[in-house]
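Understanding the architecture of this molecule
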Amino acid sequence: MPEKILILDFGSQYTQLIARRVRELNVYCEIYPYNNVPALTADVKGVILSGSPCSVRDAEHPTINLDQYLGKLPVLGVCYGAQLIAHESKGEVTPSTIREYGRARLSELHNANRLMKELTPGSVVWMSHGDTIKEVPDNFEIIASTETVRVAAYKLRDQETYGIQFHPEVTHSDEGKTLLRNFVVHICECQQDWTSDQFVDATVADLKQQLDNDKVVLGLSGGVDSSVAAMLIHHAIGKNLFCIFVDNGLLRKDEFENVLDSYKHMGLNVKGVDAKAKFYEALAGLTDPEAKRKAIGRVFIEVFDEEAHKIEDVKWLAQGTIYPDVIESLSVKGPSATIKSHHNVGGLPDFMKLKVVEPLKTLFKDEVRLVGKTLHIDDAILGRHPFPGPGLAIRIMGDITPEKVNVLQQVDHIFISNLKKSGLYDDVWQAGAILTPLQSVGVMGDERTYENVVALRAVSSIDGMTADWSRLPYEFLADVSNEIINKVKGVNRVVYDISSKPPATIEWE
Ligand code: XMP
């Protein structure tokens, strides 16, 4: 087991960011909701208490038994976490008299204190709190202030317990990373040996032991997560990993063939299954986006189940679940309401009764990419934009026909290959084209046309939760539009989507 930092989540929007920053220091950490924390083990080197939208002054405020941590190992309270320690130690937490939100500058820094080492006076920190710590007990030493917040950071004199009123995890805090390094490296004495090389070695060794000679089935999607999960397991058990890659007829142009080829080159034992007809049949006449999603989910499960049954004696189902999915399902707020039913199905098919192996479940997305690089997975797979499971079906508004899929594939291909050619692909988080049900009048030569309108969508984003439309150069858009209208029969107008999320979503359906 690698040494680790525990992060107790009290519901702050920034909790995941704390974990990201700690991991960037090559130190492993895990997030747990404050009310569901496992007992301490010897590999835990320190604890961070997160922020929270709650107030310690509320009767029902979230709390924990601090005695199990304070004085026993290093603890860092961030914002609410700091207020909680102060409050439980009989300090005084009061509502802020002025709004403390945004940038502030540190002053009266105690650089001799290990948490404040190498921080510079005047350093900008990010404040976001409605309460402030007004008084601290005698055994607290104030180690930094700001112009308006006297207790910006404190230490308990007789133990390695610290509190900070600001958020070191957000990039607006100039030296936040230095502070976190001071805590995890100098105070908790973590070794900083959590690297992707080390992860690959340890995970492959664990998988060998866990899976032994068992057979494992895995559904590949062409995306980063399933590909990296497959390669890790492949390194552990080779041909006993059976990969299934389904052509649902809703992939990008030539994607099925190209990706299948890459997988074979990577040495994976992969079977490509052409199930286009089944998907088109199930989608025929469906126009409601949710109905389309459900039909696709249902057929996928049927196809996958049928294929999995062909593998004799299979014991495990491998999945590319990543850490944000795990945190989400455990989070303080509980699984967030599903706005779109990604894979809604009734009844449990046989393969879902297999034991589940999820080798990426402790990794964030960018860490999955690093592991993929360590495993020498093709950049074309690792750098790929996200692509929704229901594929082009939710980019064709209205009912789906193979002809419409063909038109959209051509449009999408022109857009994406031009993004790649002009070096813009990696600047965009996700891009694609939408086939609208609208027809518009045009002229081509001497003739009037009455053909489809397609929309192009390209967005910048961090995680798809929020997004902004990409400011692609006009010249680029002009070239792409020309090429589409000239080459794709059935399209005579191209528009560019300039909506951000929220309030719009990335996909149109
Ligand atoms: P929205 O449209 O909700 O998309 O802003 C956010 C991200 O989720 C992807 N997406 C899906 N992925 N099944 C998926 O696997 C779906 O039904 C689905 N709907 C949206 C979308 O492509 C974007 O990356």
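See the structure above.
Residues numbered from 1 in each chain as written. Predicted model: local features only at pLDDT ≥ 70, side-chain atom pairs only at ≥ 80, totals over all residues. Heavy atoms only, no water.

This brings us to the packing of aromatic side chains. Applying the stated criterion to the full structure yields 12 aromatic pairs. Relative to F304, the ring of F300 has its centre 5.8 Å away and its plane inclined at 20°; by these criteria the two rings are stacked. Note that F300 and F304 are positioned in helix α8 (residues 289-309) at a spacing of four residues, about one turn of the helix. A cation over an aromatic ring shows up here: R20 above the ring of F364, its NZ or CZ 5.2 Å from the ring centre. Here the basic side chain of K420 rests over the ring of Y425, its NZ or CZ set 5.0 Å away from the ring centre. (Phe/Tyr/Trp six-rings, centres within 6.5 Å; stacked < 30°, edge-to-face > 60°. Helix = DSSP H or I, 4+ residues; strand = E, 2+ residues; numbered from the N terminus. Lys NZ or Arg CZ within 6 Å of the ring centre and 35° of its normal.)

Here we come to the layout of surface pockets. Think of a ball as big as a water molecule: rolled over the atoms, this probe shows where empty space is left. Its boundaries defined by the atoms lining it, the second largest pocket holds a volume of some 610 Å³. The wall of the second largest pocket is formed by 24 residues, among which Y28, F199, T203, D206 and T362 lie closest to the centre. Elements with a minimum of two residues in the lining of the second largest pocket: β2 (28-33), α4 (196-211), α9 (323-330) and β14 (355-357). Ranked by residues supplied to the lining of the second largest pocket, first place goes to α4 with seven residues. Class assignment for the residues of the lining of the second largest pocket results in 16 nonpolar, four polar and four charged. Residues from two domains meet in the lining of the second largest pocket; each of domain 1 (4-187) and domain 2 (196-382) gives at least three. (1 Å grid on protein atoms, 1.4 Å probe; cavity = no way out; pocket = protein on both sides within 12 Å on 5 of 7 lines; lining within 4 Å. Points joined across faces, edges and corners; volume = space filled by probe spheres on them. Nonpolar A, V, L, I, M, F, W, Y, C, P; charged D, E, K, R; others polar. Domains from an automatic or database assignment.)

Attention now goes to empty space enclosed by the protein. Enumeration over the complete set of coordinates arrives at one cavity of 30 Å³ or more. Put simply, the largest cavity is a space of about 60 Å³. Lining the largest cavity are R395, Q430, A431, G432, A433, I434, R457, I506, E507 and W508. When residues of the lining of the largest cavity are assigned to their parent elements, the largest contribution, five residues, is made by strand β15 (residues 430-444). Of the residues contributing to the lining of the largest cavity, the split by class is five nonpolar, two polar and three charged.

Everything listed is a geometric property; what it means functionally is a separate question.
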